[in-house]
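# Descriptive structure summary
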Amino acid sequence: MRLSRKIEQALGLVIALSLVIVFAVLLGIFSRQTFAEGDEDATYVAGEAKYVTFYDNGEKLTVKTDAKTVGEALARMELTVNAGDKVEPEMDAEINADNFYINIYRAHPVVIQDGVTEKYLMSASYDVRAIAREAGLTVYDGDEITPVMNTNFLEMGVANVYRLTRNGGRTITVEEEIPFAEQTVKNYNLAPGTQEVQQLGEMGKKKVYYTVQYIDGAEVSREFISEEVVKAPVARVVAVGASMIEMHPLTASMGVNRYTVTVNGSTVERKETYYDLPMSGVMRLVAGTCGVSATYSVRADGAKVDADGYVLVAANLSRYPRCSVVETSLGPGKVYDTGGFAASNPEQFDLATDWTNRDGR
């Protein structure tokens, strides 16, 4: 359904609402709802959400909708998108702002004449060079595309007709996409392990210039000349939940680290210390119990880690049994050991490091 039909429906709704409003005023129960400021042709859709304006080949309609995406908004308004039509932003784009705009470009018939060859297509573009490329034609710099009179309505219908004139061009300009990068940032307000997209990525665009060699009108090779960025890509930013303790990790110079964590729904204060002893005996003892290798290594920052990369941790075994995976300020750890501290402070962790002996053991 096109916007013209929707506007007719909206006008009918406005007339009906006007009668209701007059009646409500007489009864003293009138409650006011307003349209979008400055949009005289706006209508209202129930639901507290965002104002969205549709532009459909010169026709305009503003509604208030709680639709999440462009595609959902079009479906709710029963605005059909046919093959060849173009929608900006794309159908899966999120409606993430008030006064959001959606443009619908309707496909129209076009004929491109290239010598004795005619290419017929439906295109939503009005850039004749872009249309020629859609038709599968290579357009060289210096070539001309001019409108000509449609003299054959029986075959071409109401199509716009253009003639491509080859002028012996030796260069070509191609518009290419630039992929966007993905950035990951830590967010200490998100639960560890969870992710949230903070910024949608957008492809960039660049113009690439080539020297072209062709024989008898057929391209045989092209050589890169230069490129020009038309639109820089926008990185996709993903926030990853992180723990506050990562901000203040235990270090060799800070022998005691204190922070609060949530354990089984309760907030507890944790104390972290470190020790430097050979861990071979401990790892051989727990290898069968925990199903891990008896070997361990020293990480670049001096933390001792098992074969899977878990920091070796000593803890109160009644609270944290051997093989338990725990969170530490040096990253994920696994409980393999215990110590005398565990009786007096059952929430304390002792982390195995190589910070004092520096012998890699």
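Residues numbered from 1 in each chain as written. Predicted model: local features only at pLDDT ≥ 70, side-chain atom pairs only at ≥ 80, totals over all residues. Heavy atoms only, no water.

Moving on to the sheet that holds strand E6 (residues 117-123). Strand pairing within a sheet occurs via backbone hydrogen bonds; the two strands may be parallel or antiparallel. Reading across the sheet, the 4 strands line up as E6-E5-E8-E7 and stay open at both edges, with mixed pairing between neighbours. Both outer strands of the open sheet, E6 and strand E7 (144-148), are each paired with one neighbouring strand and no more. This sheet shows a mean twist of 25° between the axes of neighbouring strands, independent of strand direction. Across 7 bridges, the pairing between strand E5 (residues 108-114) and E6 is antiparallel. Each residue of the ladder has a partner; that of valine 110, found in E6, is leucine 121. (Pairing = 2+ DSSP bridges. Helix = DSSP H or I, 4+ residues; strand = E, 2+ residues; numbered from the N terminus. Axes fitted to C-alpha atoms, helices over the stretch in contact; angles between N-to-C directions.)

On to the layout of surface pockets. Estimated volume of the largest pocket: approximately 1,100 Å³. For the lining of the largest pocket, the elements supplying multiple residues, two or more each, are strand E3 (86-88), strand E9 (171-178) and strand E12 (204-215). Grouping the amino acids of the lining of the largest pocket by side-chain chemistry returns 9 nonpolar, 4 polar and 14 charged. (1 Å grid on protein atoms, 1.4 Å probe; cavity = no way out; pocket = protein on both sides within 12 Å on 5 of 7 lines; lining within 4 Å. Points joined across faces, edges and corners; volume = space filled by probe spheres on them. Nonpolar A, V, L, I, M, F, W, Y, C, P; charged D, E, K, R; others polar.)

Bringing the packing of aromatic side chains into the picture now. Summed over the entire model, instances satisfying the criterion amount to 4 aromatic pairs. Arranged with centres 6.3 Å apart and planes meeting at 75°, the rings of tyrosine 210 and phenylalanine 224 form a pair that is edge-to-face. Remark: phenylalanine 224 occurs in strand E13 (residues 218-231) and tyrosine 210 occurs in strand E12; sequence separation between them is 14 residues. Their ring planes at 75° and their centres at 5.2 Å tell us that tyrosine 320 and phenylalanine 349 sit as a pair that is edge-to-face. (Phe/Tyr/Trp six-rings, centres within 6.5 Å; stacked < 30°, edge-to-face > 60°.)

A contiguous patch of negative charge, built from Glu90, Asp92, Asp127, Glu175 and Glu177, is present on the exposed surface. Along the chain, the position of glutamate 175 falls in strand E9. (Patch = residues over 30% accessible without salt bridge, like charges linked within 9 Å, V, L, I, M, F, W, Y side chains within 5 Å. Areas by Shrake-Rupley, 256 points an atom, 1.4 Å probe, with all protein chains shown as cover. Salt bridge = Lys/Arg side-chain N within 4 Å of Asp/Glu carboxyl O. Lys, Arg positive; Asp, Glu negative; His and termini not counted. Charge placed at Lys NZ, Arg CZ, Asp CG, Glu CD.)

What follows concerns the pairing of strand E2 (residues 59-65). Of all 7 residues in E2, 5 are buried; the element is thus mostly enclosed. Strand direction decides the pairing type here: strand E1 (residues 50-56) and E2, joined by 7 bridges, are antiparallel. Its bridge partner lying in E2, aspartate 56 is registered against glutamate 59. Following E1, the chain reverses through 2 residues before pairing antiparallel with E2; asparagine 57 in that reversal takes a positive phi of roughly 50°. (Buried < 20%, exposed > 50% of the residue type's maximum accessible area, 1.4 Å probe, protein only.)

Moving on, we come to the side chain of glutamine 348. In this structure, glutamine 348 sits in the loop between helix H6 (341-344) and strand E22 (349-352). Relative accessible area serves as the criterion here: at 6%, glutamine 348 is assigned to the buried category. A distance of 3.1 Å separates a polar atom in the side chain of glutamine 348 from a polar atom in the side chain of threonine 273. Look past the residues within four positions of glutamine 348 in its chain and what remains in contact with it is Lys271, Thr273, Ala314, Ala315 and Phe341. (Polar contact = N/O pair within 3.5 Å; in protein donor to acceptor, adjacent residues only side chain to side chain. Contact = heavy atoms within 4.5 Å.)

Glancing now at the nonpolar core. In this structure, Val311, Val313, Tyr320, Phe349 and Leu351 are the most contacted members of the largest nonpolar core, which totals 18 residues. With 3 residues, strand E15 (residues 257-263) is the largest single contributor of residues to this core. Excluding residues that lie within four positions of it along the chain, leucine 351 makes contacts with Leu250, Glu272, Thr273, Tyr274, Tyr275, Val311, Leu312, Val313, Thr328 and Leu330. Core analysis: the second largest hydrophobic core is formed by 16 residues, Leu61, Leu74, Leu79 and Ile95 among them. (Core = buried A, V, L, I, M, F, W, Y, C linked by side-chain atoms within 4.5 Å.)

Looking now at the confidence of the model for the protein chain. Mean pLDDT for the protein chain: 82, with 84% of residues reaching 70 or above. Taken as a whole, residues 22-47 scores under 50 in pLDDT and shows 33 contacts with residues more than four places along the chain or in a different chain. (pLDDT = per-residue confidence, 0-100.)

Let's shift gears to the sheet that holds E1. Pairing within the open sheet is mixed, and its 4 strands lie in the order E2-E1-E4-E3. Here the strands that pair on one side only, and so sit at the sheet edges, are E2 and E3. In this sheet, neighbouring strand axes are inclined to one another by 20° on average, regardless of whether the strands run parallel or antiparallel.

In this section: the pairing of strand E14 (residues 236-241). Bridging between strand E10 (residues 182-187) and E14 involves 6 bridges; their strand directions are parallel. Looking at E14, one finds that glutamine 183 is bridged to valine 237. With 4 bridges connecting them, strand E11 (residues 195-199) and E14 associate as antiparallel partners. Along E14, the bridge assignment pairs glutamine 199 with valine 237.

Enumeration over the complete set of coordinates arrives at 14 salt bridges. Ionic pairing is found between aspartate 301 and arginine 299, a salt bridge with its closest N-O pair at 2.8 Å. Residue aspartate 301 is classed as partly exposed on the basis of its relative accessible area, which comes to 39%. Through salt bridges with shared partners, a single network forms among Asp56, Asp85 and Arg106.

Moving on, we get to helix H5 (residues 280-290). Among the residues of H5, those classed as buried are Val282, Met283, Val286, Ala287 and Cys290. Within H5, the buried residues cover an arc of 140° as seen down the axis, which keeps them to one side. Structural note: H5 exposes Arg284, Leu285 and Gly288 on the side pointing more than 90 degrees away from its buried face. Tucked into the core, H5 has its buried residues touching strand E17 (296-298), strand E18 (304-306), strand E19 (311-314) and strand E21 (331-337). (Arc of directions from axis to C-beta.)

With respect to the helices and strands, asparagine 99 occurs in the loop between E3 and strand E4 (100-105). With a relative accessible area of 47%, asparagine 99 lands in the partly exposed category. The sequence separation of asparagine 99 and tyrosine 51 amounts to 48 residues, and the corresponding C-alpha distance is 4.9 Å.

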